[in-house]
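# Residue-level structural notes
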Amino acid sequence: MADLKAFAEQLVNLTVKEVNELAEILKTEYGIEPAAAAVAVAAGPVAGDAAAAAEEKTSFDVILKSAGSAKLAVVKAVKELTGLGLKESKDLVDGAPSEIKKGVTKDEADALKKQLEEAGAEVELK
């Protein structure tokens, strides 16, 4: 039983790189799919490492900090990106800092930020 506890301790303390290497060994030498192995092995370190979990943010809020000098272009961009009416978009831009979209993926947040910045806005992702 002590050997199993020592083995479990080793598994829990593996780095991400070591988990990937282990998954590759299990796949090539033993025919075990790496997805199942990685989930089983990675479950320990992820649960024990709150800092790593905090770094892996999956939803973002797109915040308009200011409209900049091209307010009209920013209002048009906000209208297009949010589907709001012209008045609502203008009110949103006038009320900066304001939330444009909440809980979007990293890719979507980056795309929104890029489009708004191209229109002249100052944008922040949270």
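If you're wondering where the values come from, they're calculated on a predicted model, not measured in any experiment.

Once that is clear, we can look at the packing of helix α5 (residues 71-82) against helix α6 (residues 86-94). Closest axis-to-axis distance for the α5/α6 pair is 9 Å, and the angle between their directions is 120°. The orientation of α5 with respect to α6, classified from their angle, is oblique. For α5 against α6, the interelement crossing comes out right-handed. Residues Lys71, Val74, Val75, Val78, Lys79 and Thr82 of α5 lie in contact with α6, whose contacting residues are Leu86, Ser89, Lys90, Leu92, Val93 and Asp94. A per-class count over the contact of α5 with α6 returns six nonpolar, two polar and four charged.

A few words now on the nonpolar core. Within the largest apolar cluster, 19 residues are counted, with the highest numbers of intra-cluster contacts made by Val62, Val74, Val78, Val93, Ile100 and Leu116. Elements supplying a minimum of two residues to this core: β1 (60-66), α5, α6, β2 (98-104) and α7 (106-119). In terms of residue count, α5 provides more of this core than any other element does, five residues in total. What valine 62 contacts, discounting residues up to four positions off in sequence, is Ser98, Glu99, Ile100, Lys101, Val104, Ala109, Leu112, Leu116, Val123, Glu124 and Leu125.

Confidence in the prediction of the chain, expressed as mean pLDDT, is 77, and 80% of residues score 70 or more. Here residues 45-53 is a poorly scored stretch, pLDDT under 50, and it has three contacts once near neighbours within four places are set aside; other chains count.

Moving on, we get to the sheet that holds β2. One open sheet holds the three strands; their spatial order is β2-β1-β3, and the pairing between them is antiparallel. A single partner strand is all that each edge strand has here, and the edge strands are β2 and β3 (122-125). Pairwise comparison of adjacent strand axes, ignoring direction, gives a mean angle of 20° for this sheet. In the sheet, β1 pairs with β3 via four bridges, with the strands oriented antiparallel. Paired with serine 66 across the two strands is glutamate 122, which belongs to β3. Seen against the sheet, α7 touches β1, β2 and β3 and runs at an angle of roughly 170° to β3.

Cut-offs applied
Residues numbered from 1 in each chain as written. Predicted model: local features only at pLDDT ≥ 70, side-chain atom pairs only at ≥ 80, totals over all residues. Heavy atoms only, no water. Axes fitted to C-alpha atoms, helices over the stretch in contact; angles between N-to-C directions. Helix = DSSP H or I, 4+ residues; strand = E, 2+ residues; numbered from the N terminus. Parallel < 35°, antiparallel > 145°, perpendicular 65-115°, else oblique. Left-handed = near helix turned anticlockwise from the far one by under 90°. Contact = heavy atoms within 4.5 Å. Nonpolar A, V, L, I, M, F, W, Y, C, P; charged D, E, K, R; others polar. Core = buried A, V, L, I, M, F, W, Y, C linked by side-chain atoms within 4.5 Å. Buried < 20%, exposed > 50% of the residue type's maximum accessible area, 1.4 Å probe, protein only. pLDDT = per-residue confidence, 0-100. Pairing = 2+ DSSP bridges.

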